[in-house]
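Coordinates in review
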Amino acid sequence: QVQLVESGGGLVQPGGSLRLSCAASGNIFSANVMAWHRQAPGKERELVALIATVGLTNYASSVKGRFTISRDNAKNTVYLQMNSLRPEDTAVYYCSAKEPSGIVHWGQGTQVTVSS
């Protein structure tokens, strides 16, 4: 059974940094497009960043230049380094893994709160 477990969320002041981690189980990690999404209260879930198996990345315009997604296939882990955080980055952040078949698996989410 595929499992994704996020960690690294918390409370940070504006301008601060956090690094989120997503550990994936099973042997599928290297075959997946991995991504981070977020959902703020009262808003739709949105794509933040994704990384393909060959390392190609894509970012939402709101985080480009501030966030960096990376993956370590040997550790079955994907990361989201978040710098220059803003109050509007406050949300629950979710990790996803999309199999070649199109099936998408989701983690349970981790809360990120940016506030002074």
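Since this is a predicted model, take the numbers as computed values, not measurements. (Residues numbered from 1 in each chain as written. Predicted model: local features only at pLDDT ≥ 70, side-chain atom pairs only at ≥ 80, totals over all residues. Heavy atoms only, no water.)

**Quick notes on the environment of Ala49**
Convention followed: Helix and strand definitions follow DSSP, with helices as H or I runs of at least four residues and strands as E runs of at least two, each counted in order from the N terminus. The contact criterion used is simple: two residues touch if any of their non-hydrogen atoms lie within 4.5 Å.
On the secondary structure map, Ala49 appears in strand β5 (residues 46-51). The spatial distance from the C-alpha of Ala49 to the C-alpha of Val63 is 8.4 Å, given a sequence separation of 14 residues. In contact with Ala49, other than residues within four places in its own chain, are Met34, Ala35, Trp36, Asn58, Tyr59, Ile69 and Leu80.

**Examining the state of the cysteines**
Note: disulfide means a covalent bond formed between the sulfur atoms of two cysteine side chains. Spelled out, the test is: For the purposes of this analysis, a disulfide is any pair of cysteine sulfur atoms at a distance within 2.5 Å. Only protein chains enter the accessibility calculation, which uses a 1.4 Å probe; a residue is then buried when its area is under 20% of its type maximum, exposed when over 50%, and partly exposed in between.
The final tally for this structure, using the stated rule, is one disulfide. Disulfide pairing is shown between Cys22 and Cys95; the S-S distance is 2.1 Å. Across the disulfide from Cys22 to Cys95, rotation about the S-S bond amounts to roughly -80 degrees, and the bridge is consequently left-handed. Taken as a pair, Cys22 in strand β3 (residues 18-24) and Cys95 in strand β9 (residues 91-98) lie far apart in primary sequence, 73 residues in all. Residue classification places Cys95 among the buried positions, given a relative accessible area of 0%.

**Comments concerning the pattern of salt bridges**
Selection criterion: For salt bridges, the criterion is a side-chain nitrogen of Lys or Arg within 4 Å of an Asp or Glu carboxyl oxygen.
Evaluation of the coordinates by the stated rule reveals three salt bridges. The partner of Asp89 in a salt bridge is Arg66, with the nearest N and O atoms 2.8 Å apart. Highlighted residues: Asp89 in the loop between β8 (77-82) and β9 and Arg66 in the loop between β6 (57-59) and β7 (67-72), separated in sequence by 23 residues. In this pair, the class of Asp89 matches that of Arg66, namely buried. Connected via shared salt-bridge partners are Arg38, Glu46, Arg66 and Asp89.

**Some thoughts on the nonpolar core**
The following threshold applies: Buried Ala, Val, Leu, Ile, Met, Phe, Trp, Tyr and Cys residues form a nonpolar core when they are joined through side-chain atoms within 4.5 Å.
Of all hydrophobic cores here, the largest spans 28 residues; its most connected members are Met34, Trp36, Val78, Leu80, Met82 and Tyr93. Where this core is concerned, the elements lending two or more residues are β3, β4 (33-39), β5, β7, β8, β9 and β11 (110-114). Look past the residues within four positions of Met82 in its chain and what remains in contact with it is Gly16, Ser17, Leu18, Leu20, Arg66, Phe67, Tyr93 and Val112.

**Let's talk about the packing of aromatic side chains**
Selection rule: For Phe, Tyr and Trp, where Trp contributes only its six-membered ring, two rings pair if their centres lie within 6.5 Å, and the inter-plane angle classes them as stacked under 30 degrees, edge-to-face over 60, or tilted in between. Lysine NZ or arginine CZ positioned within 6 Å of the ring centre and within 35 degrees of the ring normal marks a charge as sitting over the ring.
With the rule as written, the count across this model stands at zero aromatic pairs. The ring centre of Tyr94 lies 3.7 Å from the NZ or CZ of Arg45, which sits over that ring. Directly above the aromatic system of Trp106 lies the positively charged group of Arg45, at a separation of 4.6 Å from the ring centroid.

**Here's the deal with the environment of Tyr79**
Relative to the helices and strands, Tyr79 is located in strand β8. On the basis of relative accessible area, Tyr79 is assigned to the buried category, the value being 14%. Spatially, the C-alpha atom of Tyr79 lies 12 Å from that of Thr57, the residues being 22 residues apart in sequence. Not counting chain neighbours up to four residues away, the residues in contact with Tyr79 comprise Arg19, Leu20, Ser21, Trp36, Thr68, Ile69, Ser70 and Asp72.

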